[in-house]
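# Geometric and topological summary
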Amino acid sequence: MVAALGDALLSADRFPAVKADVEALIDAEVSDKKGASGLALKGGYAAVKKVGPSIVPSAVEGLLPAFVEKLQPFWQEYAGNGSFADFLVARGEVVADALLGVTDERIAGTSKTGVKRVYDSLRPSAKKHVVEALPRVGDLIEKHAG
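Not measured: the values here are computed from a predicted model.

## A short note on the overall build of the chain
- Counting its secondary structure elements, the chain contains 7 helices and 0 strands.
- Secondary structure elements of the chain, listed N to C terminal, follow the sequence α-α-α-α-α-α-α.
- For 146 residues, the compact-globule estimate of 2.2 N^0.38 gives 15 Å, and the chain sits close to it at 15 Å.
- By principal-axis analysis of the C-alpha atoms, the chain measures approximately 40 × 30 × 25 Å.
- For the chain, with 146 residues in total, the buried portion stands at 35%.
- In the chain, once contacts between residues fewer than 6 apart in sequence are set aside, the share between residues at least 24 apart is 73%.
- Taken as a whole, the chain presents about 8,300 Å² of accessible surface, with 60% of it coming from carbon and sulfur.
- Charged side chains of the chain number 18 positive and 19 negative; the gap between the two group centres comes to 8 Å.

## Details of the packing of helix H4 (residues 55-77) against helix H6 (residues 92-108)
- Running from N to C, H4 and H6 cross one another at 150°; their axes reach a closest spacing of 10 Å. Taken together, the axes of H4 and H6 lie roughly antiparallel to each other. The element H4 and its partner H6 pack so that their crossing is right-handed. On the side of H4, the interface is formed by Gly62, Leu63, Ala66, Phe67, Lys70, Leu71 and Phe74, while H6 contributes Val94, Val95, Ala98, Leu99, Val102, Thr103, Glu105 and Arg106.
- In terms of residue class, the contact of H4 with H6 is made up of 10 nonpolar, 2 polar and 3 charged.

## Describing the confidence of the model for the chain
- Mean pLDDT over the chain works out to 91, with 98% of the residues at or above the 70 mark.
- Across the chain, helix H5 (residues 84-90) holds the top mean pLDDT of 97, while helix H3 (residues 35-51) sits lowest at 85.

What counts, and where the lines are drawn
Residues numbered from 1 in each chain as written. Predicted model: local features only at pLDDT ≥ 70, side-chain atom pairs only at ≥ 80, totals over all residues. Heavy atoms only, no water. Helix = DSSP H or I, 4+ residues; strand = E, 2+ residues; numbered from the N terminus. Rg over C-alpha atoms; globule rule 2.2 N^0.38 Å. Buried < 20%, exposed > 50% of the residue type's maximum accessible area, 1.4 Å probe, protein only. Contact = heavy atoms within 4.5 Å. Areas by Shrake-Rupley, 256 points an atom, 1.4 Å probe, with all protein chains shown as cover. Lys, Arg positive; Asp, Glu negative; His and termini not counted. Charge placed at Lys NZ, Arg CZ, Asp CG, Glu CD. Axes fitted to C-alpha atoms, helices over the stretch in contact; angles between N-to-C directions. Parallel < 35°, antiparallel > 145°, perpendicular 65-115°, else oblique. Left-handed = near helix turned anticlockwise from the far one by under 90°. Nonpolar A, V, L, I, M, F, W, Y, C, P; charged D, E, K, R; others polar. pLDDT = per-residue confidence, 0-100.

Next comes the structure, spelled out in structure tokens:
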């Protein structure tokens, strides 16, 4: 097992594949959402991608290093017994809080009131969505770093 996730996920030779997989993970998570809230999320996501096709790839590229840093302590604690996905799921609330801390910090630092307003409206349900994505997140990390 690689000691540092940054070395495994962010090196110049691996980053493009990791970034592409993260973008695919986001697409899959949004696609899997059900019900009225899922419909709203899908619509909003499609609108963002249509208005600015580079928004999601740019966000992934900009945020991935901070997410990897937040996941590093969990990776270190993970002993390789079972899957990393199961390890993350078992600590879902704590892992989600750590990851959402990245976006909370970013949004706190922006002067764009419209972006803050949209983020604040979505933030209450974000933790649930992050917890739901942890199986895929764990699998992605194991694929590239395991």
